[in-house]
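Fold and geometry: a report
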Amino acid sequence: MNYDLAKISTRAPENIKKEDCKKKTQLILEELDELQNLLYAEGKHAVLIILQGMDASGKDGAIKNVFGSMNPQGVQVTSFKVPTEEEQAHDFLWRIHKNVPAKGYIQVFNRSHYEDVLVTRVHGWCSDKLARQRFDAINHFEKLLQEHSSTSILKFYLHVSAEEQAERLNERMSDPAKMWKYNKKDFEEAALRDQYYKYYKECFVTCNQPEWQIVPADQNWYKEYCIAKALKDHLQKLKMKYPTLTSGS
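These lines cover the structure that appears in this document, whether it is placed above or below.

Scoring rules and cut-offs
- Residues numbered from 1 in each chain as written.
- Predicted model: local features only at pLDDT ≥ 70, side-chain atom pairs only at ≥ 80, totals over all residues.
- Heavy atoms only, no water.
- Patch = residues over 30% accessible without salt bridge, like charges linked within 9 Å, V, L, I, M, F, W, Y side chains within 5 Å.
- Areas by Shrake-Rupley, 256 points an atom, 1.4 Å probe, with all protein chains shown as cover.
- Salt bridge = Lys/Arg side-chain N within 4 Å of Asp/Glu carboxyl O.
- Lys, Arg positive; Asp, Glu negative; His and termini not counted.
- Charge placed at Lys NZ, Arg CZ, Asp CG, Glu CD.
- Helix = DSSP H or I, 4+ residues; strand = E, 2+ residues; numbered from the N terminus.
- Buried < 20%, exposed > 50% of the residue type's maximum accessible area, 1.4 Å probe, protein only.
- Pairing = 2+ DSSP bridges.
- Axes fitted to C-alpha atoms, helices over the stretch in contact; angles between N-to-C directions.
- Contact = heavy atoms within 4.5 Å.

Remarks on a negative patch on the surface
Taken together, the side chains of E30, E31, D33 and E34 present a region of like negative charge at the surface. Its location among the elements puts E31 in helix 1 (residues 18-42). Overall, the relative accessible area of 33% leaves E31 in the partly exposed class.

Okay, here's the thing in structure tokens:
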């Protein structure tokens, strides 16, 4: 698979029309509502959604518009920011492992354990040797979840262009509804795009079980369609069934 982000489009294919796509997304969301209810009722599988991307790539919007219509009883969201003092006193996966989903649940990670082999390397806080050790740990961790906890992992990289990212970051300085998101450091991180691309590619290649899905994110309606469809397709493959009454019930 091509993981050269500089050469991958950040926009929907030209043959896909916005209104048609939004209608399809709405139908998928209705299906997801039922599938998520089935997942929760059956209680045999768990789903971990990993959302990564540059600042302003639309992670928050995807969470709100794809997962917001589901039963909140069975969907949980965790955002990973700079590690706290307590988290720094443990191994880098400690704060991650305690937030993985129980059977019956969908857990969404807004950023994830991959931050510890991305931002840390861009800023020189993590050596190549340590990064390789962390890649091994991540692969073992994800294998553990998949093989011993019946947890499916769907990994999405939200791919936003430099131009669209700049526009969204600037909106945070002028739109009252978005000012709370403003952080001047986001502009500094945006300037490091090439370095992030380099280390993201290494993540995609090294930690590819399951493979990453690169989602064009310049148009929110297409980003949401891609994520919703991927989740729907996966849940359908689980062949879930509602529990039936047992004798003596």
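Quick look at the sheet that holds strand 5 (residues 212-216)
Here five strands make up an open sheet; going across it, the order is 2-3-1-4-5 and the pairing parallel. Each end of this open sheet is capped by a strand with a single partner; those strands are strand 2 (75-79) and strand 5. Direction aside, neighbouring strands of the sheet carry axes that sit 20° apart on average. Note: strand 1 (residues 46-53) against strand 3 (residues 106-110), five bridges, orientation parallel. Note that in strand 3 the partner of V47 across the bridge is I106.

A closer look at unusual backbone geometry
The amide bond that connects Q209 to the next residue, P210, takes the cis arrangement and shows omega of 5°. The residue P210 is located in the loop between helix 9 (193-206) and strand 5 in this model. With phi around 70°, A56 is a residue other than glycine that occupies positive phi space. Among the structural elements, A56 can be located in the loop between strand 1 and helix 2 (59-67). Even without glycine at this site, R111 takes up a positive phi of about 70°.

A few points about the environment of T120
Take T120: it is sitting in helix 5 (residues 119-122). What makes T120 buried here is its relative accessible area of 11%. Remark: the alpha-carbon pair of T120 and A131, spanning 11 residues in sequence, is separated by 9.1 Å. For T120, the residues in contact, after removing those within four places along its chain, are E115, W125, C126 and R134.

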